[in-house]
2 protein chains.
Amino acid sequence: MLGRLNHVAIAVPDLAAASAVYRDTLGATVSAPQALPEHGVTVVFIDTGNSKIELLEPLGQGSPIASFLEKNPSGGMHHVCYEVDDILAARDRLKASGACVLGDGEPRIGAHGKPVLFLHPKDFAGTLVELEQA
Amino acid sequence: MLGRLNHVAIAVPDLAAASAVYRDTLGATVSAPQALPEHGVTVVFIDTGNSKIELLEPLGQGSPIASFLEKNPSGGMHHVCYEVDDILAARDRLKASGACVLGDGEPRIGAHGKPVLFLHPKDFAGTLVELEQA
């Protein structure tokens with residue numbers, strides 16, 4: 001079931017500053033910022049060739065990463081995203097195994113325009129897991 | 001400078017239990033455990049095709065992930081590892097930019113038998129960064 005590691009998301013308090021670190025200090029190519037008001041974040045992607053790093057900054061009131069940044073004011077790793085061939089089949093298999101699918105359990109459209117779901121960290125060694133339709 | 005995302009490391013309190021979750025719940029292929037006493041951890045790798053997840057369990061006294069697990073008893077994302085073509089050139093460039101290289105600044109041999117270095121999270125949006133010679 002588990003497919004490619006699509007991206008690792010890092011929540012940051014200052015997207016411009018974090019982008020500059022990746023671009024100038026690490027010599028990476030950083031995309032232009034993309035505001036995703038329906039997800040409460042502004043994102044940039046860093047292409048590592050085989051995968052991506054997603055830097056997330058809160059956008060608007062009630063951003064889903066606001067409480068994470070309150071606990072981790074400097075930022076930190078927020079979630080990993082794995083691709084799956086069939087997100088509905090994956091969801092049903094995970095629910096049957098007892099894993100907690102966040103929200104109403106229906107996939108939403110993510111930053112890449114594809115259906116995504118999030119799985120509660122308690123079931124995955126403290127790690128928030130996103131699944132994205134491949 | 002920044003190359004491929006070699007792996008994402010997740011520290012776990014119980015390697016057998018976390019391996020079972022990845023194998024049975026997520027349907028992933030999990031390697032046999034590998035004890036690395038010189039690094040104070042036992043590891044398994046999960047091959048995602050394009051990259052890897054490394055699950056880390058403390059090994060012995062004074063494991064470098066012991067304090068992380070005290071703060072995050074269920075486990076959590078511990079570091080990301082990027083490949084670089086020339087680890088000494090990367091280190092010198094990073095030091096010149098003001099980044100803090102951990103330890104004595106000399107690469108050690110990592111889990112894949114290649115030279116590695118760690119960079120302090122304060123310089124990378126709260127994220128511990130490992131560099132590995134490609």
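Residues numbered from 1 in each chain as written. Chains lettered and ligands numbered in written order. Predicted model: local features only at pLDDT ≥ 70, side-chain atom pairs only at ≥ 80, totals over all residues. Heavy atoms only, no water.

This brings us to the UniProt feature "domain: VOC" (unreviewed entry) in chain A. Under the present numbering, the feature "domain: VOC" (unreviewed entry) in UniProt falls on residues 4–134 of chain A. Helix and strand shares over residues 4–134 of chain A are 21% and 34% respectively, and the end C-alpha atoms of the span are 8 Å apart. (UniProt positions renumbered as here; feature names shortened; annotations may be inferred. Helix = DSSP H or I, 4+ residues; strand = E, 2+ residues; numbered from the N terminus.)

Looking now at the interface of chain A and chain B. Counting residues at the interface gives 38 residues for chain A and 38 residues for chain B. Of all residues in chain A, the largest losses of buried area upon contact with chain B belong to Leu26, Asn50 and Met77 of chain A, amounting jointly to 22% of the total for that side. At the junction of chain A and chain B, the tally comes to 0 salt bridges. Summed over the shared surface of chain A and chain B, the number is 11 residue pairs in polar contact (both at pLDDT 80 or more). Elements with a minimum of two residues in the side of chain A that touches chain B: strand E1 (5–11), helix H1 (15–25), strand E5 (76–84) and helix H3 (87–96) of chain A. For the side of chain A that touches chain B, the per-class residue count stands at 20 nonpolar, 14 polar and 4 charged. (Contact = heavy atoms within 4.5 Å. Buried area = accessible area lost by both parts, 1.4 Å probe. Salt bridge = Lys/Arg side-chain N within 4 Å of Asp/Glu carboxyl O. Polar contact = N/O pair within 3.5 Å; in protein donor to acceptor, adjacent residues only side chain to side chain. Nonpolar A, V, L, I, M, F, W, Y, C, P; charged D, E, K, R; others polar.)

Relative to the helices and strands, Ala11 of chain A resides in strand E1. Linking Ala11 of chain A and Asn72 of chain A, residues 61 residues apart in sequence, is a C-alpha distance of 8.9 Å. Once you skip the residues sitting within four places of it in the chain, Ala11 of chain A turns out to touch Leu56, Ile65, Phe68, Leu69, Gly75, Gly76 and His78 of chain A together with Ala125 of chain B.

Among the residues making up H3 of chain A, those that are buried are Ile87, Ala90, Arg91 and Leu94 of chain A. Along the axis of H3 of chain A, the buried positions cluster into a sector of 100 degrees, meaning they face one direction only. Buried positions along H3 of chain A lie against E5, strand E7 (115–119) and strand E8 (129–133) of chain A together with helix H1 (15–25) of chain B. Regarding H3 of chain A, its N-cap is Asp86 of chain A, as a side-chain oxygen of that residue lies 3.2 Å from the backbone nitrogen of Leu88 of chain A further along. Of the residues trailing H3 of chain A, Gly98 of chain A is marked for its positive phi of about 100 degrees. (Buried < 20%, exposed > 50% of the residue type's maximum accessible area, 1.4 Å probe, protein only. Arc of directions from axis to C-beta.)

Moving on, we get to the sheet that holds strand E2 (residues 34–36) of chain B. Residues and elements named next belong to chain B. The sheet built from 8 strands is open, its strands ordered E2-E3-E4-E1-E5-E8-E7-E6 with mixed pairing. Only two strands of the sheet have a single partner each, and these edge strands are E2 and strand E6 (108–109). Pairing geometry for strand E3 (residues 41–47) and strand E4 (residues 52–58), over 7 bridges, is antiparallel. Counterpart to Asp47 in the pairing with E4 is Lys52. (Pairing = 2+ DSSP bridges.)

This part is about the relation of the copies chain A and chain B. Superposing chain A onto chain B takes a rotation of 180 degrees plus a shift of 0.0 Å along the axis, which leaves an RMSD of 0.0 Å. Both copies are brought into coincidence by an operation consistent with a two-fold rotation axis. Residues of chain A ranked by C-alpha distance from the rotation axis are headed by Asn50 of chain A, positioned 2.8 Å from it. Looking at the interface residues of chain A, 100% of them are also at the interface in chain B, so both copies use one shared face. (Least-squares fit on C-alpha atoms with pLDDT ≥ 70 in both.)

Turning to the nonpolar core, a few remarks are in order. Of all hydrophobic cores here, the largest spans 60 residues; its most connected members are Leu55 of chain A together with Leu55 of chain B. Every residue in contact with Leu55 of chain A, bar those within four places of it in the chain, is listed here: Ile10, Val12, Leu15, Ala18, Ser19, Tyr22, Thr42, Val43, Val44 and Ile46 of chain A. (Core = buried A, V, L, I, M, F, W, Y, C linked by side-chain atoms within 4.5 Å.)

Here we take up the sheet that holds strand E6 (residues 108–109) of chain A. Residue and element names in this part refer to chain A. The mixed open sheet is built from 8 strands, whose spatial order is E2-E3-E4-E1-E5-E8-E7-E6. Among the strands making up the open sheet, the edge pair consists of strand E2 (34–36) and E6. Those strands touched by H1 are E1, strand E3 (41–47) and strand E4 (52–58), and its axis lies near 160 degrees from that of E4. (Axes fitted to C-alpha atoms, helices over the stretch in contact; angles between N-to-C directions.)

This next bit is on the pattern of salt bridges. It is possible for side chains of opposite charge to pair when their charged atoms get near one another. Residues and elements named next belong to chain A. A full pass over the atoms with the stated rule returns 10 salt bridges over all chains. In this structure, Glu106 and Arg91 form a salt bridge, with 3.1 Å as the shortest nitrogen-oxygen distance. Of the two residues, Glu106 is situated in the loop between H3 and E6 and Arg91 in helix H3; the sequence distance between them amounts to 15 residues. Relative accessible area serves as the criterion here: at 45%, Glu106 is assigned to the partly exposed category.

Turning our eyes to something else, we now look at the packing of aromatic side chains. Scanning the entire structure with this criterion turns up 2 aromatic pairs over all chains. Summarising the aromatic geometry, the rings of Tyr22 of chain A and Tyr82 of chain B are spaced 6.2 Å apart at their centres and angled 85 degrees between planes, so their arrangement reads as edge-to-face. Placement of the pair is Tyr22 of chain A in helix H1 and Tyr82 of chain B in strand E5 (residues 76–84), with the two residues belonging to separate chains. Assessed through its relative accessible area of 1%, Tyr22 of chain A is described here as buried. (Phe/Tyr/Trp six-rings, centres within 6.5 Å; stacked < 30°, edge-to-face > 60°.)

On to the environment of Glu57 of chain A, then. Residue and element names in this part refer to chain A. Topologically, Glu57 is positioned in strand E4. In the structure, Glu57 is positioned 22 residues away from Ala35 in sequence and 9.4 Å away in space, judged by C-alpha atoms. Other than its neighbours up to four places away in sequence, Glu57 contacts Val12, Pro13, Asp14, Leu15, Gly40, Val41, Thr42 and Ile65.

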